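Results of the structural survey
Here's the letter readout for the chains.
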Amino acid sequence: MIFRTTSPRPTLRKVRTTTAPRPLRHRLDPTKVEEIPFTASDGVRLGLTRIDPGERGHPAVLLLHGHTASADMFLLPETRNLVDVLLDEGYEPWLLDWRGSCRLPYNETGRRYTYDDVALYDIPEAVAHIRTRIGDRPLFAVAHCIGSLTLSLSMTAGLVPGLAGVASQGVFLTPKLAGRTSLRMTLAGELLKSRIDHIPVDFRKVGLWSKYTPLFALASRKADCPDPTCQILHNSAWGTGASLFVHEHLTDTTHGRLAELLGPAPLWILPHLRRIELARTVVRWHDTDHRYRALPQNALDAAATIDTPVLLLAGSENGLWLDSQQLCHDVLARRQPQLDVTYTEIPGYGHLDTFLGRGAALDVFGHILDFLGERR
Amino acid sequence: MREMNENMSAAAGRRATEEAIERGGGVGLTVSELLAKVQVKGVAEAVAPPSPAHRAPSPGPRDLTELATAVAAVAGRYVPAGRLALDADFFDAGGTSVNAVELVSALEGELGVAVDLDEVFADARPVALAKRHLASTGAAIAVPETEAVQPPPVAAAPVTTPPDSTARPEDLTQILADLALADRLPFTASPEPLPPRRVLLTGATGFLGSHMLLDLLRHSDAHVYCLVRAADEEAATTRLGEALKSYSLPWSSEVRRRITVLPGDIRHPHLGLSDDTWHTLAHELDSVVSVAAAVDFLRGYQSLRTSNVLGALTLAELAATGRPKPLHHISSIAVFNEVGIPSMGEDDPLAHIDRLVAGYDQTKWAAEVALRRARDHGLVVTALRPGGIGGHSRTGAYNPQDLSSGLISAFGRFRTVPAFRYLNAAPVDWVSRVAVAAICEPDAWGFDYNLTGVPNTLDDVVRDMAFGGMHVRVQDWDEWRTDALARLEADPIPELAFLSRVLQSPTALKLCEATLKGPAAVAERTNTLVEALGLPPAARYDARAQVKTFEALAHDGLARLPQKDDQPYLWFTETTTGGVGPVAGTPDTPCSMALTLSIASMHQLVSERRVDVRGEVTCPALHHEPLTVARGDIWIRPDEGIPHQHGLRHQLLRYRLELTDADGGRWWLEGHKYARARRDVWRQTRALTVELGREGEPASLTGEVVVPANSYVRDQIDGIKVDPRLTSQEKRAAKLTWLAWFGLEMGRGLLGPFARAAADLLDLRRTQTPTEHHR
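Residues numbered from 1 in each chain as written. Chains lettered and ligands numbered in written order. Predicted model: local features only at pLDDT ≥ 70, side-chain atom pairs only at ≥ 80, totals over all residues.

- Per an unreviewed UniProt entry, chain B is named Thioester reductase domain-containing protein, and its organism is Streptomyces lanatus.

- Chain A goes by Alpha/beta fold hydrolase in an unreviewed UniProt entry, where it is assigned to Streptomyces lanatus.

**Looking at the overall build of chain A**
- When helices and strands are counted, chain A shows 13 helices and ten strands.
- Relative to the globule expectation of 21 Å for 376 residues, the C-alpha radius of gyration of chain A, 20 Å, shows essentially globular dimensions.
- In terms of principal-axis extent, the alpha carbons of chain A reach across some 65 × 45 × 45 Å.
- Among the 376 residues that make up chain A, the fraction classed as buried is 57%.
- Long-range contacts, defined as pairs at least 24 residues apart, comprise 76% of the intrachain contacts of chain A with a sequence gap of at least 6. (Helix = DSSP H or I, 4+ residues; strand = E, 2+ residues; numbered from the N terminus. Rg over C-alpha atoms; globule rule 2.2 N^0.38 Å. Buried ≥ 20, exposed ≤ 12 C-beta atoms within 10 Å, placed from the backbone. Contact = placed C-beta atoms within 7 Å.)

**Observations concerning the pairing of strand 3 (residues 259-263) of chain B**
All names here are of chain B.
- Of all five residues that make up strand 3, four are buried, and the element is covered over most of its length.
- One ladder, built from five bridges, connects strand 2 (residues 223-228) with strand 3; its direction is parallel. From the neighbouring strand, Val-224 faces strand 3, where its bridge partner is Ile-259. (Pairing = 2+ DSSP bridges.)

**Examining the sheet that holds strand 4 (residues 92-97) of chain A**
All names here are of chain A.
- Spatially, the eight strands line up as an open sheet ordered 1-2-4-3-5-6-9-10, and their pairing is mixed. Every interior strand has two partners, whereas the edge strands, strand 1 (33-39) and strand 10 (341-346), have only one. Each adjacent strand pair in this sheet contributes to an overall mean axis angle of 20°, direction not counted.
- As paired elements, strand 6 (residues 165-169) and strand 9 (residues 310-315) share four bridges and run parallel to each other. Within the sheet, the bridge partner assigned to Ala-167 lies in strand 9 and is Leu-311. (Axes fitted to C-alpha atoms, helices over the stretch in contact; angles between N-to-C directions.)

**Comments concerning the domain arrangement of chain A**
All names here are of chain A.
- When the domains of chain A are assigned, the result is domain 1 (30-175 + 283-375) and domain 2 (179-266).
- Using C-alpha coordinates to define each centre, domain 1 is positioned 24 Å away from domain 2.
- Contacts between domain 1 and domain 2 engage 22 residues on the former and 18 residues on the latter.
- Residue classes in the side of domain 1 that touches domain 2 are distributed as eight nonpolar, eight polar and six charged. (Domains from an automatic or database assignment. Nonpolar A, V, L, I, M, F, W, Y, C, P; charged D, E, K, R; others polar.)

**Digging into the sheet that holds strand 1 (residues 198-202) of chain B**
Residue and element names in this part refer to chain B.
- Taken in spatial order, the seven strands line up as 3-2-1-4-5-6-11 in an open sheet, and their pairing is parallel. Each edge of the open sheet is held by one strand with a lone partner, namely strand 3 and strand 11 (448-451). Along the sheet, successive strands turn relative to each other by an average axial angle of 20°, direction set aside.

**A few points about helix 11 (residues 324-335) of chain A**
Residues and elements named next belong to chain A.
- Between its terminal C-alpha atoms helix 11 stretches 16 Å, which fits the 16 Å expected from twelve residues at 1.5 Å a residue.
- By the burial criterion, the buried members of helix 11 are Ser-324, Gln-325, Leu-327, Cys-328, His-329, Val-331 and Leu-332.
- The secondary structure elements touched by the buried residues of helix 11 are strand 9 and strand 10. (Expected span 1.5 Å × (residues − 1).)

Now the structure itself:
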């Protein structure tokens, strides 16, 4: 047989060790990067990293990555990244790898979770931990995609009070997918869920002949770029047919590292994502589990509890969440006019390239700095 | 040649002032020497405004210098500096076309000097104006015409032109002299074929230049030196920042850390930079990008040449001095702007210079031809020729001074277009991106590129505008011009004043005519470059790409979007009957509405998702007589249908009416149609839950009104009326578009709750035991 897959090597049972995040890839002075061993109260090991700005007394900024991405997305060594920009402007960046990070194994092999867990445990506990370190200094948050969506759930639940400001990219309280994307996501999810439990993005790890091959083949339809990882992300967004970034905006290096920056996507998260997306608002998954009662059933209905200025950012060409941010701005302006919510559209940008793009510092970070600067 | 120069200097001894420019035309001077002469004279001999007693018109023939001094004194009042040198150009000194009109009447009133406005635009130096006047009144005895315009020494005889040439002979003489300046450029070696690291960019405050600045920063690692016209660095930085912001471009610390702003001026020798800076730049830069130009379709060659020709030559001098570096010059498709030119390919012959009329076309031609000569000195010159540069397809940023902004606005306002062959226009984002790609790719250097995109034909434009709900009628160019002028005069629009001036100027009209009747530009080399570098291919600048620009034009008052009070594009009636009652009571009082729903354009539907409402509400619980709808709107699927409270009741339609009763009382009505996951779908589309109350007070009545099932099709499908000015084909298209759009939106709205209910059912499926490896 020409196509033969080697059976994967067995992994050892972890008896004496626990999960540890993969090392960060950055070009900062290693002594400036402080990795904090951080475990959520439900026992899940997370990653929390503090970048030392050198001087004390700077306002802190918590950076939240998107689902299947990781804190690496703010530290790209090949471009001018958000951490560089924040350090130069006198902020203290804190990077949280919540349980959806690809530096952690949970998406692929770990125990299952929903976005409720992220909103209830990961974000509030990280914020509480950072507060113990920074004292009274202001704490901002910059959040991307699902990081921002779960942050909105934490905020409306009142679990992270007193943030100095929140810059949200891609999606916030009102997620909206294209009908086609939503349909393909549901179809693929229902058909595949008895066969696989995650969609890999790195073709080199699964090989040419695997059960994922049809997915990669589907993703390559009408694709311009021959790289299978790029195809499944740029051309298909894990098989949903959406586009995660504007291809031209990535440097060749970033393009080559996509498989490292974005990990496999779990299929078992789809029911919660689908419920959120069809409701066009962030809703709780656990209706009967009282551990989650601190979270509101519907985050938009509880938006009055938001006590911080919010900057909604979105690329005009966002192929995944479309104009969710503009919708969020319009809805909040009508239903909660007392909130300080601004919307800024970044012309020509897609979803991920607002942070990974080679021109992100020029086109995107300026808006974030302006927002933070007015409120520091 | 020597005798010539000696003669000239002898003459200059007597009349130094008026000779300065002409002397510059001689081959004995380099660009910077020439510019230096102009500058020194300009500054040193600026004339102070005379006392009022001086202003009395003095009759009879006068000496040229005396008259020129008087003209300069009058003209000085209209420029920002308050004074004007005898041989300085009025427009270069900051005079506007409005000032020019004022200047003409002031000259006539105060000095008795009658000058034609077109003469002022053609050459607005006081010396030239005085000379013209003396020549025309026959009083030119003191100044022989042969000395007034100095022919270049290479051609001892005056320039001979074919009988059908249209350019002014003195302009042609000047052009020849300017072209000869290229021969004084130093010889230079080939530049290193590497992407640029240090770039000088001129014109960064302009429309194309500012977009190119950002693209240079985004798509290269270069540090960019921006030459900005200002007194000092601080003022220059402020000016650049304001310009970028006005074009919706970012201006943050991240932009500032990668640029250096140099206060300077392309019209000055060595760009107005100190010798130190000039030499540092000459040795450190590895690319020079020339974008700055004076774009004005009214002014003549004499008035524009300092910026557009001498400026380009100064940059060529910088590129050829010190370290060899390529010069990337933004030329223009205007170099082909001759009436009746057969083709406009990248390597096709340029227009015949003696048949170009507008000064702008002449200067762009002269600059490009001069730089072609510079190529023979070893300089690598890339000529990038944009056609019309349309507004940004994403931000809608446009060039307010550009003729195409005015024309598009006029097309939309008057609903007429002149019959043109092709519009060679591309959006600024594409032009800028491709220009920057050519600058960053060494293999692309040294060629000519047409950055014209895909030409729009007349049919394309008419169809695009119809697609946006603006059905236009085509007119002959002369008919259109007369018609548009008449309308602009009858109902002046300050924002379009420049368009009426252009439509009245004979030279600018020639330029328009050549543009509208010209062939489609061909851009094979550009297309190859775009394909090789994987850039977005040129696309037609169509309705979708233009919509943001059109919105911006409308926002700034140039264009006008169809509005509520206009003749509606499409309308139909809707009647509803039902009952209302007190809040928490029984809805037993009858209530009915007879409404007319209309849209002003499809653009309103797609961008605002809103329908205008007029009509009457009959509700005895409010008033015994029917109430009139003072203002009413219906939003289709507001907020994407997001329910008011958690649940499956999605919003389908929202009505908001402001009502006035016969006694002047004011009321509000808020109505909603909801989609639910229930089988009464037909009723969901018709039933309107309403709340009514006095203005400024909470709701006093609630109830439900329903569109009777038998009137729905009769009123809302068969009863659709369309703007009677449209043809029957256009009417059918309008009706179908509305029905398709509305049907699709309602379908999506109704599907929402069902999809959620279905998802809830799917979630009941047993969670599968994962079968994956690695576990």
